[in-house]
Amino acid sequence: MLLSFIAFTNAINAQSASTIGFSFAYGSRVLNIDDSLNLPNDSTFLRITELKFYISNIRFLKNGEVVLEEKNSFHLVDANQIIPNQILVENKQNIAFDEIKFDLGIDSITNVSGAMGGDLDPTKGMYWTWQNGYINFKLEGTSQLCKTRNNEFTFHLGGYQQPYYCLQTLHFKTNNSSTMNFKLDVQKILNQVDLAKTNHVMSPCEEAVILSKIVANAFNLLQN
Amino acid sequence: MKRKLFIFSLLSFVIVSFRSVNEIQFEVPNSFPKPVYNFSKNPLSENKIQLGRALFYDPILSRNNMISCASCHSQFSAFTHVDHALSHGIEDKSGFRNSPALMNMAWQKSFMRDGAINHLDAQSLAPITNPVEMDENIAHVVAKLQISKLYPQLFFKAFGDSTITGEHTLKAISQFMLTLVSANSKYDSVMRKQSVFNEQENKGYILFKKNCSMCHTEPLFTNDEFRNNGLKIDTTLNDYGRYRVTKNKADSLKFKVPTLRNIEFSYPYMHDGRFKKLSQVINHYANGIEKSKTLANELQKPILLTANEKVDIIAFLLTLSDKSFLFNPQYFYPKEIFSEATKN
């Protein structure tokens, strides 16, 4: 009786859920936190020391209509994690879809709703305190291009109020697969930033909005 | 199988009734509007309030375990910091603003003199993290609380979980602050027709309604908006108030209109504590308004007051003192909670 129960739940997991995974790259290379990322002909001594962001409001669409939404959908993704960054979304009825949408960051209402738990707990370090609000996306590292202390650059992107509203909505066509793996290519971000000039963004501002859009474009869905 | 189900439903019934017995309804004073704070997301209970009270008075929230919230917000001064124009934090470091009095927090839309904080729950994070205030971080505070003798059991009593989280810590502190309700001054008893103003207070009240209540609106004595009340900028601080948050020039030099309840005890006054006495405040409104682009409309025309009228306004302001608030034992340092911890 017990055995069959376990077998049964396993079957549910395999079929009636979608797994969303995240991996990190720098161009054609795998990105590991704290590793030196130097490319040939590159004297910038680039290193990424922190890469963390919120994925929220995951929903699935069919012919442009939302057919499935994850309840209480807030996930902190951290590139510096040994366990793979995977999100499991239940799909008990095996609803078919052809598109996935999610937000990069935390919506305005959640930002003004007080203390939250789970991945939104302020102990997770993704929260501004002097002017409160969630940090949607964190990217920190070092590069010779930055004439800053220890050559550091720090991008903490967020802002839930206009004109510095930073949340980005991403969507991808998909062929109804139960696993979707997304790759974030940090080279695509840094190629569009002049690190010598822009190396310190840590509050809601125009640069944060521009950078958030660049970041959103650096994700792609791997075809399996 | 049926029996199990029965036991299960019995159990869940017990849990549900345990919750409702412990929940406290927030009492709204008669003349007050509907609170802004959403109590359904953080229902009050006696155990949570007491936990919040302990945290408010406990220097464990600071890096060197020396500074508590009460260091800068003490009850006898309506939870502000008397004698300090600018706040005085860890290792005698000085902040750049005067700490405000704390009361009637359930009716505030935003916090801080510039409204930088959008929710009471998030407020505590600001002083905990500020390098010149408590210089800690919330993750480390939670770790310290978790290994303390006292707190795991207090969190268990309050939230049914002895694993401490940032969310629960902040919600408990909010609960204590939400209980800081002041609505029992002479002014209130006059409004309830249980008492009367003397002649001077009455004249002061009429002058107040004419000149001040557009911003310091009854019954909370604030309209909870941001205004430039004509203070000349202090060039050692260059504090542009609301502009710091919105980066909108139209907000330059605007500060949140503070309540005037218990004003007798919450000196010094204004965002930088520049005035020590109420007479200086009245003289500012009568003779000291600095014209600038963002000066409030209400203060464009001079407020003309005779020497007697100035005293009348002050007499009225003193009717806003609420002794039952300033000396309410429910807000005292929680000796009994802390001595429990040393006993074990």
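Quantities reported herein were computed from a predicted structural model and do not represent experimental measurements.

### What to know about the overall build of chain B
For chain B, the helix and strand inventory stands at 15 helices and 2 strands. Relative to its length of 344 residues, chain B is compact, with a C-alpha radius of gyration of 22 Å against a globular reference of 20 Å. Its C-alpha atoms give chain B principal-axis dimensions of roughly 80 × 45 × 40 Å. Considering chain B as a whole, with its 344 residues, one finds that 53% of them fall into the buried category. A fraction of 68% describes how many contacts in chain B between residues 6 or more apart in sequence connect residues 24 or more apart. Accessible surface, chain B as shown: approximately 17300 Å² in total, 58% of it carbon and sulfur.

### A closer look at the packing of aromatic side chains
For any pair of aromatic rings, the description rests on two quantities: the centre-to-centre distance and the angle between the ring planes. Under the defined criterion, the tally for this structure stands at 39 aromatic pairs over all chains. Between the aromatic rings of Phe60(A) and Phe97(A), the centroid separation amounts to 4.6 Å while the plane-to-plane angle is 45 degrees, which identifies the pairing as tilted. With Phe60(A) in strand β3 (residues 47–62) and Phe97(A) in the loop between β6 (85–90) and β7 (99–104), this pair connects stretches of sequence that are 37 residues apart. Both residues of the pair, Phe60(A) and Phe97(A), count as buried. A ring pair is formed by Tyr187(B) and Tyr205(B), whose centres lie 6.2 Å apart and whose planes are at 75 degrees; its orientation type is edge-to-face. Of this pair, Tyr187(B) sits in helix α9 (residues 186–191) while Tyr205(B) sits in helix α10 (residues 199–211), placing them 18 residues apart in sequence.

### Some details on the interface of chain B and chain A
Listed by partner, the interface residues are 21 residues for chain B and 18 residues for chain A. Together chain B and chain A conceal approximately 1600 Å² of surface at their shared face, both sides included; 56% is due to carbon and sulfur atoms. For chain B, the biggest contributors to the area lost against chain A are Asn118(B), Glu167(B) and Lys247(B); these three give 30% of the whole. In this structure, the connection of chain B to chain A is made through 9 residue pairs in polar contact (both at pLDDT 80 or more). Put simply, the parts of the chain that give the side of chain B that touches chain A at least two residues each are α4 (120–123), α5 (125–129), α6 (138–147), α8 (166–178) and α11 (243–246) of chain B. Counting residues per element, the side of chain B that touches chain A draws most heavily on α8(B), at 4 residues. Taken together, the residues that form the side of chain B that touches chain A break down as 10 nonpolar, 5 polar and 6 charged.

### Some words on the confidence of the model for chain B
With 93% of its residues at a pLDDT of 70 or more, chain B shows a mean pLDDT of 91. Counting contacts from residues 5–18 of chain B, a segment whose pLDDT is below 50, to residues more than four positions away or on other chains yields 0 contacts.

### Comments concerning the nonpolar core
Residue and element names in this part refer to chain B. Counting residues in hydrophobic clusters, the biggest one holds 67 residues, and the most contacted among them are Leu55, Phe56, Leu61 and Tyr151. The biggest single contributor to this core is α8, with 6 residues. Filtering out sequence-adjacent residues up to four positions away, phenylalanine 56 remains in contact with Ser68, Cys69, Ala70, His73, Phe79, Leu102, Phe176 and Met177.

### A short note on the confidence of the model for chain A
All names here are of chain A. Per-residue confidence for chain A averages 89 on the pLDDT scale, and 92% of its residues sit at or above 70. Within chain A, helix α4 (residues 206–216) carries the highest mean pLDDT (97), whereas helix α1 (residues 2–15) carries the lowest (43). Below pLDDT 50 for its whole length, residues 1–14 participates in 1 contact with residues either more than four positions away or in separate chains.

### Focus on the environment of Glu336(B)
All names here are of chain B. Tracing the backbone through its elements, the reader meets glutamate 336 in helix α15 (residues 335–343). Along the sequence, glutamate 336 and glutamate 136 sit 200 residues apart, while their C-alpha atoms lie 26 Å from each other. At 3.2 Å, the side chain of glutamate 336 and the side chain of arginine 53 are in polar contact.

### Points about the pairing of β3(A)
Residues and elements named next belong to chain A. Sheet topology note: the β3/strand β10 (residues 137–142) ladder contains 6 bridges and is antiparallel. Its bridge partner lying in β10, isoleucine 48 is registered against glycine 141. Here 5 bridges tie β3 to strand β5 (residues 74–78), and the two strands are oriented antiparallel to one another. If you follow serine 56 over to β5, its bridge partner there is phenylalanine 74. Where β3 meets β7, 5 bridges bridge the pair, whose relative direction is antiparallel. Across the sheet, arginine 59 pairs through a bridge with lysine 101, a residue of β7. By the bridge criterion, 4 bridges tie β3 to strand β4 (residues 65–69) in an arrangement that is antiparallel. Bridging from a neighbouring strand, leucine 61 pairs with valine 66 of β4. Between β3 and β4, which pair antiparallel in sequence order, lie 2 residues; one of them, asparagine 63, sits at a positive phi of approximately 50 degrees.

### Comments concerning the domain arrangement of chain B
Residues and elements named next belong to chain B. Here chain B is described as being made up of domain 1 (32–182 + 329–343) and domain 2 (186–321). When each unit is reduced to the centre of its C-alpha atoms, the spacing between domain 1 and domain 2 is 27 Å. Contact with domain 1, which involves 29 residues of that partner, is made by 24 residues of domain 2. Connecting domain 1 to domain 2 are 2 salt bridges. Between aspartate 114 and arginine 244 there is a salt bridge, with the nearest N and O atoms lying 3.6 Å from each other.

### A short note on unusual backbone geometry
The residue after Glu218(B), namely Pro219(B), is reached through a cis peptide bond having omega 0 degrees. When you line up the elements, Pro219(B) lands in the loop between α10 and β1 (226–227). In the Ramachandran plot, Asn151(A) falls in the positive-phi region, its phi being about 55 degrees despite a non-glycine side chain.

### Some remarks on the side chain of Asp121(A)
By secondary structure assignment, the location of Asp121(A) is in the loop between α2 (108–111) and β8 (127–128). For the buried residue Asp121(A), which engages in no salt bridge, the nearest side chain bearing the opposite charge is Lys124(A), 7.0 Å off. Polar contacts involving the side chain of Asp121(A) include one to the side chain of Thr123(A), which spans 2.7 Å. Beyond its immediate stretch of four places on either side in the chain, Asp121(A) contacts Met116(A), Thr165(B), Gly166(B) and Glu167(B).

What counts, and at which threshold
Residues numbered from 1 in each chain as written. Chains lettered and ligands numbered in written order. Predicted model: local features only at pLDDT ≥ 70, side-chain atom pairs only at ≥ 80, totals over all residues. Heavy atoms only, no water. Helix = DSSP H or I, 4+ residues; strand = E, 2+ residues; numbered from the N terminus. Rg over C-alpha atoms; globule rule 2.2 N^0.38 Å. Buried < 20%, exposed > 50% of the residue type's maximum accessible area, 1.4 Å probe, protein only. Contact = heavy atoms within 4.5 Å. Areas by Shrake-Rupley, 256 points an atom, 1.4 Å probe, with all protein chains shown as cover. Phe/Tyr/Trp six-rings, centres within 6.5 Å; stacked < 30°, edge-to-face > 60°. Buried area = accessible area lost by both parts, 1.4 Å probe. Polar contact = N/O pair within 3.5 Å; in protein donor to acceptor, adjacent residues only side chain to side chain. Nonpolar A, V, L, I, M, F, W, Y, C, P; charged D, E, K, R; others polar. pLDDT = per-residue confidence, 0-100. Core = buried A, V, L, I, M, F, W, Y, C linked by side-chain atoms within 4.5 Å. Pairing = 2+ DSSP bridges. Domains from an automatic or database assignment. Salt bridge = Lys/Arg side-chain N within 4 Å of Asp/Glu carboxyl O. Lys, Arg positive; Asp, Glu negative; His and termini not counted.

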